[in-house]
Amino acid sequence: SAGLALHTAGEEVPVEVAPQPLKERELQVLWWMAQGWPQKAIALQLHLAYSTVRNYSVTAQKRLGVESGAAAIWKARRQLEEWGAELSHVRRGEDV
């Protein structure tokens, strides 16, 4: 869950947040992270500011309802695998 809770009869019940679809750049950043690249290296590769790469990572985590980059990669793994098969343009850092 993404930290949301439902309060009923004095009890706090966690609410599961449905994952939101990731945007192209968020997937791109997660894909590079899954390859083991640090965010600073991803920023250089994609010609982005480090803060922009970090923001994409954090936004992806929020969309997926997780609290870490590793958890985001794990939760998005099927989408990343499918998307990774079509990544030749992204590996070069080109926009889609």
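Residues numbered from 1 in each chain as written. Predicted model: local features only at pLDDT ≥ 70, side-chain atom pairs only at ≥ 80, totals over all residues. Heavy atoms only, no water.

Asks: How should the nonpolar core be read in this particular structure?
Replies: General note: in soluble globular proteins, nonpolar side chains tend to be found buried as a group. L22, L30, I42, L64 and L80 are the most contacted members of the largest nonpolar core, which has 18 residues in total. Going through the elements one at a time, α1 (24-34), α2 (39-46), α3 (50-64) and α4 (69-75) are the ones with two or more residues in this core. For this core, the element with the most residues is α1, which contributes six residues. (Core = buried A, V, L, I, M, F, W, Y, C linked by side-chain atoms within 4.5 Å. Buried < 20%, exposed > 50% of the residue type's maximum accessible area, 1.4 Å probe, protein only. Helix = DSSP H or I, 4+ residues; strand = E, 2+ residues; numbered from the N terminus.)

Asks: What is the right way to read α2 from this model?
Replies: In an α-helix there are 3.6 residues to a turn, and that puts residues three or four apart on one side. Residues of α2 that are buried include every one of Q39, I42, A43 and L46, and no others. Along α2, the residues classed as buried sweep out an arc of 100° about the axis, all on the same side. For α2, exposure combined with an orientation more than 90 degrees from the buried face picks out K40 and L44. Directly beyond the C-terminal end of α2, a positive phi value near 60° is found at H47. (Arc of directions from axis to C-beta.)

Asks: Before we go on, may I ask you to explain the packing of α1 against α2 in this structure?
Replies: Helix packing for two helices is described by the angle between their axes and how far apart those axes are. Interhelical geometry of α1 versus α2 gives an angle of 125° and a closest axis separation of 10 Å. Put simply, α1 runs oblique to α2. Our pair here, α1 against α2, has a crossing hand that is right-handed. Residues R25, Q28, V29, W32 and M33 of α1 form the contact with α2, whose own contacting residues are Q39, I42, Q45 and L46. Residue composition of the contact of α1 with α2, grouped by class: five nonpolar, three polar and one charged. (Axes fitted to C-alpha atoms, helices over the stretch in contact; angles between N-to-C directions. Parallel < 35°, antiparallel > 145°, perpendicular 65-115°, else oblique. Left-handed = near helix turned anticlockwise from the far one by under 90°. Contact = heavy atoms within 4.5 Å. Nonpolar A, V, L, I, M, F, W, Y, C, P; charged D, E, K, R; others polar.)

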